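For reference, the chains in residue letters:
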Amino acid sequence: MRRLWTPAWIVRHVAMVVLTAGFLGLGWWQVSRAAAGNSLSWGYAVEWPIFAGFVVYVWWREVKLARRRGAEAEAPSPDPAVEPTPTVDAGSRPAVRRPVRVSRAPATGGDAVEDTDLAAYNRYLSWLNANPGARPGDYPG
């Protein structure tokens with residue numbers, strides 16, 4: 001529980017209270033405007049409490065995640081010599097694995113078909129690299 005009373009969490013708690021009170025106040029203001037004859041305000045009178053509920057939902061979710069992380073941090077760690085095998089149940093998230101590196105061999109030899117346009121473009125680029133002060137219009141080819 002001490003994790004939820006750090007300065008960052010106190011700011012989050014205060015922000016949740018201020019935003020919820022502000023959104024509910026704006027909803028009440030829209031109800032009073034709608035009762036005075038502004039029919040568009042009925043939509044806003046419903047919208048502002050939904051925003052307040054969303055703020056409370058996000059705050060509650062973050063509190064639950066912080067408490068779960070705290071419980072996991074306090075739990076004894078398993079033996080590092082034994083690596084647990086990931087299990088995947090139906091409907092669960094897939095296990096994260098290391099990426100596989102694939103070595104790629106360049107296509108050389110008689111099997112490769114020469115692309116004349118690509119070869120001409122590569123000659124042009126090598127000429128530009130060899131002549132850094134030249135303009136593209138100076139290319140002799």
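Residues numbered from 1 in each chain as written. Predicted model: local features only at pLDDT ≥ 70, side-chain atom pairs only at ≥ 80, totals over all residues. Heavy atoms only, no water.

Draft legend 1. Here's a closer look at the nonpolar core. Judged by nonpolar contacts, M16, F23, W48, A52 and V55 together constitute the single largest core of five residues. Listed by contribution, the elements that provide at least two residues to this core are α1 (7-35) and α2 (41-74). When residues in this core are grouped by element, the largest group, three residues, is from α2. Leave out the neighbours within four places in its chain, and M16 touches V55, V56 and W59. (Core = buried A, V, L, I, M, F, W, Y, C linked by side-chain atoms within 4.5 Å. Buried < 20%, exposed > 50% of the residue type's maximum accessible area, 1.4 Å probe, protein only. Helix = DSSP H or I, 4+ residues; strand = E, 2+ residues; numbered from the N terminus. Contact = heavy atoms within 4.5 Å.)

Draft legend 2. Broad picture of the packing of aromatic side chains. Under the defined criterion, the tally for this structure stands at seven aromatic pairs. Centroid distance W59 to W60: 6.2 Å. Interplanar angle 45°. Geometry classified as tilted. Look at Y121 and Y124: their rings are 6.5 Å apart centre to centre, the planes differ by 40°, and that puts the pair in the tilted class. Taken together, the residues span about one helical turn, with Y121 and Y124 both in helix α3 (residues 116-130) at a distance of three residues. Owing to a relative accessible area of 47%, Y121 belongs among the partly exposed residues under this scheme. Put simply, the rings of Y121, Y124, W127 and Y139 touch in pairs and so form one group of aromatic residues. Looking at R12, its charged tip hangs above the ring of W9, at a distance of 4.6 Å from the centre. (Phe/Tyr/Trp six-rings, centres within 6.5 Å; stacked < 30°, edge-to-face > 60°. Lys NZ or Arg CZ within 6 Å of the ring centre and 35° of its normal.)

Draft legend 3. Fine view of the side chain of S41. Its location among the elements puts S41 in helix α2. Among the polar contacts listed, one links the side chain of S41 to the side chain of Q30, at a separation of 3.0 Å. (Polar contact = N/O pair within 3.5 Å; in protein donor to acceptor, adjacent residues only side chain to side chain.)

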